[in-house]
Amino acid sequence: MLRKDILLIINPNASKGRGRKKAKEIQALFRSYGRECTVAYTRAPGHAESLAKRGALYGYDTIVAAGGDGTVNETVNGIMKSGASGVRMGIIPIGRGNDFSWMAGIPRNQKKAVKLIVQEKARAIDVGFCSGTGHPDGMYFVNGAGFGFEPMVNFRAMEYKHINGMLSYAVAFLYILKHPPVVSAVSLTIDGETEDIQTQQISVANGRRMGSSFMIAPLAEIDDSLFDVMYTKVPLDRKGIVRAVMLFMRGGHVSDGSTFSYTRAKSVDINVRDKELEAHCDGELFSHKGMDFHLEIRPSSLLLVYGKARGKEVR
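Residues numbered from 1 in each chain as written. Predicted model: local features only at pLDDT ≥ 70, side-chain atom pairs only at ≥ 80, totals over all residues. Heavy atoms only, no water.

(A) Quick look at the overall build of the chain. For the chain, the count of helices and strands is 9 helices and 16 strands. Here the C-alpha radius of gyration of the chain, 19 Å, is about what a compact globule of 315 residues would show, namely 20 Å. Taken over 315 residues, the chain has a buried fraction of 57%. A sequence separation of at least 24 residues applies to 75% of the contacts in the chain between residues at least 6 apart. Accessible surface for the chain amounts to roughly 13,500 Å². Of this, 51% is attributable to carbon and sulfur atoms. In the chain, 42 positive and 32 negative side-chain charges are present, and the distance between their average locations comes to 10 Å. (Helix = DSSP H or I, 4+ residues; strand = E, 2+ residues; numbered from the N terminus. Rg over C-alpha atoms; globule rule 2.2 N^0.38 Å. Buried < 20%, exposed > 50% of the residue type's maximum accessible area, 1.4 Å probe, protein only. Contact = heavy atoms within 4.5 Å. Areas by Shrake-Rupley, 256 points an atom, 1.4 Å probe, with all protein chains shown as cover. Lys, Arg positive; Asp, Glu negative; His and termini not counted. Charge placed at Lys NZ, Arg CZ, Asp CG, Glu CD.)

Shown next as structure tokens:
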């Protein structure tokens, strides 16, 4: 039986070390609306997942991730792996990228985000699932998974401790540009149809935006029971990579069928034939050395406190 209580999961070091102060502010806001809120502080990577799983099994009716895409991803994994039903997930964005919360129309303002949660209006959204090399048990994701160039930039940006947001990705991009990814030979299967491709990036998206500003899947919806799949079709040199990134920022790659492929799918299999690939799920490390990946959509699997839906953006 679900309890009418809220579990708030937060990293005490979030928001440049102000996590504990933020937690007290958020707790006070919930109480101002007559809701009790239990705070659970994370201690290490992966801890948010175990906290969310225990909270769901204990019976909290709402589990809130206060943080960025990493905290959101771990909380999603905890709720999904618990097997509990009827648990609502809320998000209070205080992290680096906040790409998924942007997609879900959740305000950055703390007070507005809390107000959205206490209104208790949630909708069922799709969840992605990825399994493969080094991850036999798999990993859930709500925003997207990337293979090749995209995770290379993401992981580099995560190494910067004193810059965040779009700036960290811009600096990481300049570094990767000096060491551009080589083309990979991939056997790509989309909904049972297999094609051999030469590519530097494959993105399997549920949400639209990644890396704070890159509209990798500008036509995506998080409740349409489909992934949006994008990959590069031809080798890109440094000039081509710069052009691709500029297109990603406005979603213009969707109309460039000579360089990019953009389609929708329920399942994707990626089998790399010549070398190992880096891979991420929601910006979190899935694999540094993967060669075989299976992704599938889990329709309407998570109840999310959802803000104002965004219109599709292609410019």
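Structure shown, so let's carry the discussion forward.
(B) Representation of a nonpolar patch on the surface within the structure. On the surface, a nonpolar cluster with roughly 240 Å² of combined accessible area is contributed by Val-242, Met-246 and Met-249. By secondary structure assignment, the location of Met-249 is in the loop between α9 (238-248) and β12 (260-265). What makes Met-249 partly exposed here is its relative accessible area of 32%. (Patch = residues over 30% accessible without salt bridge, like charges linked within 9 Å, V, L, I, M, F, W, Y side chains within 5 Å. Salt bridge = Lys/Arg side-chain N within 4 Å of Asp/Glu carboxyl O.)

(C) Quick look at the nonpolar core. In terms of nonpolar packing, the biggest core is built from 51 residues, with Phe-30, Ile-63, Val-76, Met-89, Ile-92 and Leu-304 touching the most fellow members. Leaving out residues up to four positions away in the same chain, Ile-63 has contacts with Leu-7, Ile-9, Ala-52, Gly-55, Ala-56, Thr-75, Ile-79, Val-87, Arg-88, Met-89 and Gly-90. (Core = buried A, V, L, I, M, F, W, Y, C linked by side-chain atoms within 4.5 Å.)

(D) Representation of helix α4 (residues 69-82) within the structure. The end-to-end C-alpha distance of α4, which contains 14 residues, comes to 20 Å, matching closely the 20 Å that a straight helix rising 1.5 Å per residue would cover. Across the 14 residues of α4, 13 count as buried, placing the element largely inside the fold. (Expected span 1.5 Å × (residues − 1).)

(E) Representation of unusual backbone geometry in the model. A positive phi angle is found at Asp-282, which is not glycine, with a value near 55°. Considering the arrangement of structural elements, one finds Asp-282 in the loop between β14 (277-281) and β15 (284-290). Classification of Asp-282 as buried rests on a relative accessible area of 6%.

(F) Inspection of the environment of Val-305 at higher detail. Tracing the chain through its elements places Val-305 in strand β16 (residues 292-305). For Val-305, a relative accessible area of 1% corresponds to the buried category. Val-305 sits 217 residues away from Arg-88 along the chain, and the two C-alpha atoms are 6.7 Å apart. In this structure Val-305 touches Arg-88, Met-89, Gly-90, Ile-106, Leu-116, Ile-117, Lys-121 and Ala-122, once residues within four positions along its chain are discounted.

(G) Quick look at empty space enclosed by the protein. The tally for this structure, following the rule as stated, stands at 2 cavities of 30 Å³ or more. Taken as a whole, the largest cavity encloses approximately 80 Å³ of empty space. Residue lining of the largest cavity: Phe-149, Pro-181, Gln-200, Gln-201, Thr-232, Leu-236, Ile-241, Ala-244 and Phe-248, and that is the complete set. Here the lining of the largest cavity gets 3 residues from one element, more than from any other, and that element is α9. Across the lining of the largest cavity, the residue classes tally to 6 nonpolar, 3 polar and no charged. In this model, the second largest cavity occupies a volume close to 30 Å³. Taken together, Phe-147, Gly-148, Ser-184, Val-186, Thr-199, Gln-200, Gln-201, Ile-202 and Leu-277 make up the lining of the second largest cavity. Contributions of two or more residues to the lining of the second largest cavity are made by β7 (144-148), β8 (184-190) and β10 (201-205). (1 Å grid on protein atoms, 1.4 Å probe; cavity = no way out; pocket = protein on both sides within 12 Å on 5 of 7 lines; lining within 4 Å. Points joined across faces, edges and corners; volume = space filled by probe spheres on them. Nonpolar A, V, L, I, M, F, W, Y, C, P; charged D, E, K, R; others polar.)

It is worth stressing that arrangement in space is one thing and function is another; only the former is reported here.
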